[in-house]
Amino acid sequence: MISSQMLKGTLEGCILKVISQNETYGYEISERLRSYGFAEISEGTIYPLLLRLEKNGLVITQYKQSPVGPKRKYYSLSEKGREEMEAFYCDWRELTEAVNRLFEQEV
Amino acid sequence: MNKRVRELNRLNNELDAKVEEKNQEIFTNMVCYLRGASISPYDQEMVRHDLLEMILSAQERGEELQTVIGENYQAFCDNIIASLPPQTTKQKVIDLLDTVCACLAILGLINIIMSHETITLIKNLVNGQPVSLEIAITLGDILAAGLIIVFAVLLVKSVMKNAFREEASVKRGMIKAGIAGAGAMAAFLLLKYIGKKIIFTVNILVALAIVLGLFVMHKILERLS
């Protein structure tokens, strides 16, 4: 299981990536993340992050009717969100390469 | 509460009825806690709507609330609050003025209806005797109104802030509230005793116009908040 401290900095970028694939909603995002190996990521974990992404203009939201009654919030990526996602992935690759170099050298 | 918030509030109240009994307490506690946070009324209703969608969808899938939200509901709510824009100073001032106007309108009306002068006025009208339209406002009336407003605001804030407290802690809180209530009652009785000094008199029709004005002001501020 990935530690929550480590997840903190990366989850927003990963959520942006999931949203970039197609317009989606909270529960579906959490399920998709789980399918990629992000264990124990519930809808409740990502909801505050989605609010923050919305507040910062990285995602665009739209309410659509759901089968259970209340309207469901759907998220799509804004242009700013796409730039943020690309910047995150650049940073992530730089970080993983540095960590890999360090560990491979040690071995 | 403006039209947009009122509409969302009405919709959320309808959806509330669909929340299963086992989830009601947790949901009520979360909404209560969010109501006490420094976020706009629209954001409060928007989050309430999103939570309702989460809970009703989980019920539909046959999942427990803990699976969807996690076990620490207060931490979940704190994360939500931290993700939303805080109320501006202007919004806070409008909210406070709104509360004060609403409280003063209600207390003013009660004071007019229950006052000794109003009862005498009605008796004299029935008996066909000369009537006086003047009402005396005492120091006690003014201090009691101030005390009631402060006490009511603090009580409501305390209930919202402590929505997730455990049962043992709630019992201790109730004892503290009981002591505070007894203290407030003693203060009211003291004010009644020492506050008999008449500060000014006012015509009953003017007093009613002031009460109406305060109520209108409350309605205007409510729409602005």
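No experiment lies behind these values; they were computed from the predicted model shown.

K.L.:
Just checking my understanding: could you explain helix α2 (residues 26-35) of chain A for this structure?
P.N.:
Because an α-helix completes one turn every 3.6 residues, residues spaced three or four positions apart along the sequence face the same direction. Of the positions making up α2(A), those classed as buried are Gly26(A), Tyr27(A), Ile29(A), Ser30(A), Arg32(A) and Leu33(A). Where α2(A) is buried, its residues touch α1 (4-21), β1 (24-25), α3 (43-55) and β3 (71-77) of chain A together with α3 (41-61) of chain B. In the stretch just after α2(A), Gly37(A) is the one whose phi turns positive, near 105°.

K.L.:
Any chance you could explain the pattern of salt bridges here in plain terms?
P.N.:
Two side chains with opposite charge may pair up if their charged atoms get near one another. According to the stated counting rule, one finds 15 salt bridges over all chains in the structure shown. Where Lys73(A) meets Glu54(A), a salt bridge forms, and the shortest distance between an N and an O atom there is 3.1 Å. With a gap of 19 residues between them, Lys73(A) in strand β3 and Glu54(A) in helix α3 connect regions that are remote in the sequence. Exposure remark for Lys73(A): the relative accessible area of 6% places this residue in the buried category. One salt bridge in this structure joins Arg48(B) and Glu45(B), with 3.1 Å as the shortest N-O distance. Placement of the pair is Arg48(B) and Glu45(B) together in helix α3, with a separation of three residues, close to one helical turn. No difference in accessibility class separates Arg48(B) from Glu45(B), as the two residues are buried.

K.L.:
Help me out: how do you make sense of the interface of chain A and chain B in this one?
P.N.:
Interfaces are frequently sized by the accessible area removed from exposure as the parts join. In this assembly, 17 residues from chain A lie in contact with 24 residues from chain B. At the boundary of chain A with chain B, total buried surface from both sides reaches about 1,800 Å², with 60% on carbon and sulfur atoms. Counting the contacts that link chain A with chain B gives two salt bridges. The partner of Arg72(A) in a salt bridge is Glu53(B), with the nearest N and O atoms 2.9 Å apart. At the junction of chain A and chain B, the tally comes to 11 residue pairs in polar contact (both at pLDDT 80 or more). Counting only elements with at least two residues in the side of chain A that touches chain B, the list comes to α2, α3 and β3 of chain A.

K.L.:
Sorry, what's going on with the state of the cysteines here?
P.N.:
Working definition: the covalent bond between the sulfur atoms of two cysteines is a disulfide. Taken as a whole and judged by the stated rule, the model has zero disulfides over all chains. With no disulfide of its own, Cys90(A) lies 15 Å from the sulfur of Cys14(A), the closest cysteine sulfur. The cysteine Cys32(B) is free of any disulfide, with Cys77(B) supplying the nearest cysteine sulfur at 10 Å.

K.L.:
Looking at this model, I keep getting lost on empty space enclosed by the protein. Mind explaining?
P.N.:
Remark: the empty space left among the atoms is shown by a probe the size of a water molecule rolled over them. A full pass over the atoms with the stated rule returns one cavity of 30 Å³ or more. Looking at the lining of the largest cavity, the elements with two or more residues in it are α2, α3 and β3 of chain A together with α3 of chain B. Grouping the constituent residues of the lining of the largest cavity by class yields six nonpolar, one polar and six charged.

K.L.:
I would appreciate a short explanation of helix α10 (residues 204-224) of chain B in the present structure.
P.N.:
All names here are of chain B. Its 21 residues place the ends of α10 30 Å apart at the C-alpha level, agreeing with the 30 Å of an ideal helix rising 1.5 Å per residue. Check the buried side of α10 and you find it contacts α6 (89-114), α7 (116-127), β1 (134-138) and β2 (198-203). N-capping of α10 is provided by asparagine 203, with a side-chain oxygen placed 2.8 Å from the backbone N of leucine 205.

Conventions we followed
- Residues numbered from 1 in each chain as written.
- Chains lettered and ligands numbered in written order.
- Predicted model: local features only at pLDDT ≥ 70, side-chain atom pairs only at ≥ 80, totals over all residues.
- Heavy atoms only, no water.
- Buried < 20%, exposed > 50% of the residue type's maximum accessible area, 1.4 Å probe, protein only.
- Helix = DSSP H or I, 4+ residues; strand = E, 2+ residues; numbered from the N terminus.
- Contact = heavy atoms within 4.5 Å.
- Salt bridge = Lys/Arg side-chain N within 4 Å of Asp/Glu carboxyl O.
- Buried area = accessible area lost by both parts, 1.4 Å probe.
- Polar contact = N/O pair within 3.5 Å; in protein donor to acceptor, adjacent residues only side chain to side chain.
- Disulfide = S-S within 2.5 Å.
- 1 Å grid on protein atoms, 1.4 Å probe; cavity = no way out; pocket = protein on both sides within 12 Å on 5 of 7 lines; lining within 4 Å.
- Points joined across faces, edges and corners; volume = space filled by probe spheres on them.
- Nonpolar A, V, L, I, M, F, W, Y, C, P; charged D, E, K, R; others polar.
- Expected span 1.5 Å × (residues − 1).

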